[in-house]
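Structural overview
So you can see what is in the structure, the chains are spelled out below.
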Amino acid sequence: MAALGWLTPRRRSATARSVLAGEASAEAARKSAQAEAPPHTAPPQDAAVPETAPLDLASAAGGAGRPVRPAEPAEVPEDSPEPEFPVPGDDLAAAFFDLDNTVMQGAAIFHFGRGLYKREFFRRRELARFAWQQAWFRLAGVEDPEHMQDARDSALSIVKGHKVSELMSIGEEIYDEYMAERIWPGTRALAQAHLDAGQKVWLVTAAPVETATIIARRLGLTGALGTVAESVDGIYTGRLVGEPLHGPAKAEAVRALAAAEDLDLERCAAYSDSHNDIPMLSLVGHPYAINPDTKLRKHARANDWRLRDYRTGRKAVKVGVPAAAGVGALAGGAAAAIALHRRRK
C-alpha cells in the first residue's frame, strides 16, 4: 500500500518534532536573511522581473531568436473582481512560496543530487535512485512523502562529515548548472510583485535550508525556510534538527517566522502546488494554488482559493493573481508552456 500513498490525502497534525523543525528553520532563515543585503534593496540583475516591460520569452523558454507573443488572458467572471493585491506598503504582510513545482520545475533535492554525483560524492547506483525518484515526481505530479523521505535520507548520508561551507559553495554551482533554467517565470513574477509592494518574500521547502537560501538569494528574495541539517563546528553530523520541513512542519515554520517578524498572517499570502501544503496555505489570508495537484485543486475550489497553472499556460475556471503581477505572470505562463512543448518534441 505504500506505493499508493500519494493517492491518499494525509491529514497529519503538528508534532513536537515538526514544531522543533519549524522553529529551527525560522531561526536559520532569519539569521541568513540578516547576514545578506537589506531585503528591500533591488534584487540582483538576473532576478529582476519588470512590472510593465514584457519578459524575454524566447530566452525564458530556452529558445534563441524570435520573440514570442504572450498568451491572451482568459476571461475572469465579472462577479469575481480581483482587488489590488499585494497592498503596497503593508509591512505586516509577507509572501511564502513553496519551491518544488511551484517556483521551480522538479524537486531541488534531486537536482542537488545530480550536481553532487557529477562531483563524485556518490556512486552511479545512488544516482539511478535519484533519477527514479525524480521521474516519479514528474509522472505522479505530487510529492510522495515516502520518496521524498528516502531522498533526504540519501542526501544526509552523502553530506555527513562534509563542511557546511563546502556544500554552500557547491550549491552555488549546482544552481547555475541545473536549477536556474527550471524556474517558472510566472511564479517568479508573482514573487516580484510582492517585493515591488515592499513585502518580504520567503521560500518554504523541504529542501536543505542551505540550498533553499542559495535559490532565494539568486532570485532576489528575502530568504528561505528549509530543512535544517545538524552541524557541529561547521561539519554535518548526518542528523536533522526535528524532522524534514514537510506538511505540518512547514506551517509551524511560517507561524514561527511570522511571530518573530511581527507579521499578520491574515494579510499574508502563500503559494503551493501540493495538497501536503494545505496546513501552510490555511494559515494565511491569501492562499494560492500554483500548478496544483488534483487534491489541492479540489480543495482550492471548495474553499474559493485562487488558482494558477503555468504547466499549460491556461487559467483555471476561478483564477486570480496579484494585480501588480499581471503582465509578467501571463508572459511567464506562456514561456513555461513553450518550454515544456519544446522539451517534449
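Below you will find a few notes about this structure.

Cut-offs applied
Residues numbered from 1 in each chain as written. Predicted model: local features only at pLDDT ≥ 70, side-chain atom pairs only at ≥ 80, totals over all residues. Heavy atoms only, no water. Bend = angle between axes of the 7 residues up to and from the residue. Helix = DSSP H or I, 4+ residues; strand = E, 2+ residues; numbered from the N terminus. Buried < 20%, exposed > 50% of the residue type's maximum accessible area, 1.4 Å probe, protein only. Phe/Tyr/Trp six-rings, centres within 6.5 Å; stacked < 30°, edge-to-face > 60°. Pairing = 2+ DSSP bridges. Axes fitted to C-alpha atoms, helices over the stretch in contact; angles between N-to-C directions. Contact = heavy atoms within 4.5 Å. Salt bridge = Lys/Arg side-chain N within 4 Å of Asp/Glu carboxyl O.

Description of helix H6 (residues 164–179)
Along its length, H6 shows its largest kink, about 30 degrees, at glutamate 173. Restricting attention to buried positions, one finds in H6 the residues Val164, Leu167, Ile170, Gly171, Ile174, Tyr175, Tyr178 and Met179.

Some thoughts on the packing of aromatic side chains
A full pass over the atoms with the stated rule returns three aromatic pairs. With centroids separated by 4.1 Å and ring planes inclined at 5 degrees, the aromatic side chains of phenylalanine 97 and tyrosine 271 adopt a geometry described as stacked. Of this pair, phenylalanine 97 sits in strand E1 (residues 94–98) while tyrosine 271 sits in strand E6 (residues 269–272), placing them 174 residues apart in sequence. This pair shows no difference in class: phenylalanine 97 is buried, exactly as tyrosine 271 is. These aromatic residues form a ring-pair network of at least three members: Phe85, Phe97, Tyr271 and Tyr288.

Section: the sheet that holds E6
Reading across from one edge, E3-E2-E1-E6-E7-E8 is the order of the six strands in this open sheet, with parallel pairing throughout. Lying at the two open borders of the sheet, with one neighbouring strand each, are strand E3 (223–227) and strand E8 (306–308). Between one strand axis and the next, the sheet turns by 20 degrees as a mean value, whatever way the strands run. Relative to strand E7 (residues 286–290), E6 is paired through four bridges, and the arrangement is parallel. What sits directly across from alanine 269, in E7, is histidine 286. This element, helix H8 (residues 209–218), spans strand E2 (200–208) and E3 of the sheet and lies at about 145 degrees to E2. Contacts from helix H11 (residues 294–302) reach E6, E7 and E8 within the one sheet, and its direction differs from that of E8 by about 145 degrees.

Considerations on the pattern of salt bridges
Counted according to the given criterion, the structure contains 17 salt bridges. One salt bridge in this structure joins aspartate 98 and lysine 250, with 2.6 Å as the shortest N-O distance. Placement of the pair is aspartate 98 in strand E1 and lysine 250 in helix H9 (residues 248–261), with a sequence separation of 152 residues. For the pair shown, aspartate 98 and lysine 250 are each scored as buried. With a closest N to O distance of 2.7 Å, glutamate 261 and lysine 200 form a salt bridge. One end of the pair, glutamate 261, is in helix H9; the other, lysine 200, is in strand E2, and 61 residues separate them in sequence. By relative accessible area, which is 25% here, lysine 200 ends up partly exposed. Taken together, the shared-partner salt bridges in this structure form one network comprising Lys118, Arg119, Glu173 and Glu177.

No statement about biological role is implied by the geometric values presented.
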